[in-house]
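One letter stands for each residue in the lines below.
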Amino acid sequence: MSVKAKKHLGQHFLTDENIARKIVEGLSFEGYRNIMEVGPGMGVLTKYLLEKDQNIYLAEIDKESIEYLKNNYDKVSEETFVGDFLKQDFQFTNGEQIAIIGNFPYNISSQILFQIIDHYELIPEMVGMFQKEVAERTAAVPRTKDYGILSVLIQAYYDTSYLFTVHENVFNPPPKVKSGVIRITRNPKEGLAGNEVLFKQIVKAGFNQRRKKLSNALKILNIPEALKTHEFMDKRAEELSVADFISFTQLWKNNQ
Ligand SMILES: C[S@@+](CC[C@H](N)C(=O)[O-])C[C@H]1O[C@@H](n2cnc3c(N)ncnc32)[C@H](O)[C@@H]1O
């Protein structure tokens, strides 16, 4: 018996074992002994993770999948499950590092990435599959249409690499779009510490009106007097690098 795919949970089950193995091998397995898989479904990735010498935790909200996994994998029990990924506070690791892996439910892709950023101190690495467009956005560079809030926020905390593309026809049921697998490795950029909240506000305000110059787009944030004539004010958000956003945030903070 297998799990019936539920659309509202973003369920598309990967049917290609080689791709599953390749995704799991995308992790380095270095510097942590805990791994959380998001959305294991019927366990196509889980079975390769369970072969590793790591503590495996499963975040799954589909009861039918949970039953299936408990019945089909000896090492999986009620204790393996940690519930909804978006509600994790990772307290159960007692401060230990935990890597994240998954063929993610595409309806909550951005929320998954923001949840990782919010806990970057505990999460050294993530390997996962998103719809191709989102995967590309995480690695996008300035002055491209893909470069936006997600690119800047992720790249401020992590180095990102696009690993490979996955075709629709290796899923059951097939999704409407191609998928992309990425790896992100923690590398918080200098100058961020202590400025995180303001940094996120500036990046979001800047890109929320990406056609406008920053002098206009950032108006809602009460621009400090000393920054009103800064050269960046004449640019659009997509023209600033991640390092530019960070140095600009520091300057903003110092002039508040
Ligand atoms: C694209 S499927 C992937 C299933 C399986 N890993 C595979 O590759 O075949 C996404 C999975 O995420 C689960 N899911 C959806 N929302 C979730 C959430 N908030 N937290 C944890 N898992 C979730 C779904 O139930 C589903 O099993």
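Just so you know, these numbers come straight off a predicted model, no measurement behind them.

**A word on the UniProt feature "binding site: S-adenosyl-L-methionine" (unreviewed entry) in the protein chain**
For step 1, the next point in the chain: Sites flagged by UniProt as "binding site: S-adenosyl-L-methionine" (unreviewed entry) map to His12, Leu14, Gly39, Glu60, Asp84 and Asn103. Checked against the lining of the largest pocket, the annotated residues reduce to His12, Leu14, Gly39, Glu60, Asp84 and Asn103.
For step 2, the next point in the chain: Following the sequence through the fold, Gly39 ends up in the loop between strand E2 (34–38) and helix H2 (46–49).
For step 3, the next point in the chain: Setting aside anything within four residues of it in sequence, one finds Gly39 in contact with Ala59, Glu60 and Asn103.
For step 4, the next point in the chain: You can see Glu60 is positioned in the loop between strand E3 (55–59) and helix H3 (63–72).
For step 5, the next point in the chain: If near-sequence neighbours (up to four positions away) are discounted, Glu60 is found in contact with Gln11, Gly39, Pro40, Gly41, Ser65, Ile66, Phe81 and Gly83.
For step 6, the next point in the chain: For Glu60, the side chain forms a polar contact with the main-chain nitrogen of Gly41, separated by 3.0 Å.

**Describing the site of the ligand**
For step 1, the next point in the chain: Not every one of the 21 residues close to the ligand is listed here, only the nearest: Leu14, Gly39, Glu60, Asp84 and Asn103.
For step 2, the next point in the chain: At a separation of 2.8 Å, a nitrogen atom of the ligand approaches a polar backbone atom of Gly39.
For step 3, the next point in the chain: A distance of 3.3 Å separates a nitrogen atom of the ligand from a polar atom in the backbone of Pro40.
For step 4, the next point in the chain: In the complex, 97% of the free accessible area of the ligand, which totals 600 Å², lies under the protein chains.
For step 5, the next point in the chain: Comparing atom positions with the cavity grids shows the ligand to sit within the largest pocket.

**Considering the domain arrangement of the protein chain**
For step 1, the next point in the chain: Taken domain by domain, the protein chain consists of domain 1 (7–186) and domain 2 (196–254).
For step 2, the next point in the chain: Using only C-alpha atoms to locate each centre, domain 1 and domain 2 end up separated by 31 Å.
For step 3, the next point in the chain: Summing the contributions of domain 1 and of domain 2, the shared interface buries around 1300 Å²; its carbon and sulfur component is 64%.
For step 4, the next point in the chain: Of all residues in domain 1, the largest losses of buried area upon contact with domain 2 belong to Arg143, Tyr147 and Ile149, amounting jointly to 39% of the total for that side.
For step 5, the next point in the chain: Inspection of the domain 1/domain 2 interface yields 2 salt bridges.
For step 6, the next point in the chain: Between Asp118 and Lys200 there is a salt bridge, with the nearest N and O atoms lying 3.1 Å from each other.
For step 7, the next point in the chain: Applying the counting rule to domain 1 against domain 2 returns 6 residue pairs in polar contact (both at pLDDT 80 or more).
For step 8, the next point in the chain: Breaking the side of domain 1 that touches domain 2 down by element, the ones donating at least two residues are helix H4 (109–118) and helix H6 (149–157).
For step 9, the next point in the chain: Per-element tally for the side of domain 1 that touches domain 2: the top contributor is H6, with 6 residues.
For step 10, the next point in the chain: Taken together, the residues of the side of domain 1 that touches domain 2 break down into 9 nonpolar, 3 polar and 3 charged.

**Looking at the nonpolar core**
For step 1, the next point in the chain: Counting residues in hydrophobic clusters, the biggest one holds 51 residues, and the most contacted among them are Phe85, Ile100, Ile116, Met126, Phe199, Leu218 and Phe245.
For step 2, the next point in the chain: Residues lining this core come from more than one domain, with at least three contributed by each of domain 1 (7–186) and domain 2 (196–254).
For step 3, the next point in the chain: Those residues in contact with Ile100 that lie beyond four places of it in its chain are Leu27, Met36, Val38, Phe85, Phe90, Ile116, Ile123, Glu125, Met126 and Val127.
For step 4, the next point in the chain: Counting residues in each nonpolar core, the second largest holds 30 residues, with Ile19, Leu49, Ile66 and Tyr106 among its members.

**Considering the pairing of strand E5 (residues 125–131)**
For step 1, the next point in the chain: For E5, the buried fraction is high: 7 of the 7 residues fall into the buried class.
For step 2, the next point in the chain: The pairing of strand E4 (residues 99–103) with E5 spans 4 bridges and is parallel. Its bridge partner being in E5, Ile100 is matched across the sheet by Met126.
For step 3, the next point in the chain: Handedness of the crossover joining E4 and E5 through H4 is recorded here as right-handed.
For step 4, the next point in the chain: Bridge count between E5 and strand E8 (residues 179–186): 7 bridges; the pairing is antiparallel. Along E8, the bridge assignment pairs Val127 with Arg183.

**Here we look at the pattern of salt bridges**
For step 1, the next point in the chain: Applying the stated criterion to the full structure yields 17 salt bridges.
For step 2, the next point in the chain: Glu17 is paired through a salt bridge with Lys47; the nearest N and O atoms lie 3.2 Å apart. In this pair, Glu17 sits in helix H1 (residues 17–24) while Lys47 sits in helix H2, placing the two residues 30 residues apart along the sequence.
For step 3, the next point in the chain: Salt bridges sharing common partners tie together Lys6, Asp62 and Glu64.

Reading guide: rules and limits
Residues numbered from 1 in each chain as written. Predicted model: local features only at pLDDT ≥ 70, side-chain atom pairs only at ≥ 80, totals over all residues. Heavy atoms only, no water. UniProt positions renumbered as here; feature names shortened; annotations may be inferred. 1 Å grid on protein atoms, 1.4 Å probe; cavity = no way out; pocket = protein on both sides within 12 Å on 5 of 7 lines; lining within 4 Å. Helix = DSSP H or I, 4+ residues; strand = E, 2+ residues; numbered from the N terminus. Contact = heavy atoms within 4.5 Å. Polar contact = N/O pair within 3.5 Å; in protein donor to acceptor, adjacent residues only side chain to side chain. Near = heavy atom within 4 Å. Areas by Shrake-Rupley, 256 points an atom, 1.4 Å probe, with all protein chains shown as cover. Sits in = over half its atoms within 2 Å of the grid points. Domains from an automatic or database assignment. Buried area = accessible area lost by both parts, 1.4 Å probe. Salt bridge = Lys/Arg side-chain N within 4 Å of Asp/Glu carboxyl O. Nonpolar A, V, L, I, M, F, W, Y, C, P; charged D, E, K, R; others polar. Core = buried A, V, L, I, M, F, W, Y, C linked by side-chain atoms within 4.5 Å. Buried < 20%, exposed > 50% of the residue type's maximum accessible area, 1.4 Å probe, protein only. Pairing = 2+ DSSP bridges. Right-handed = clockwise from strand over helix to strand, strands pointing away.

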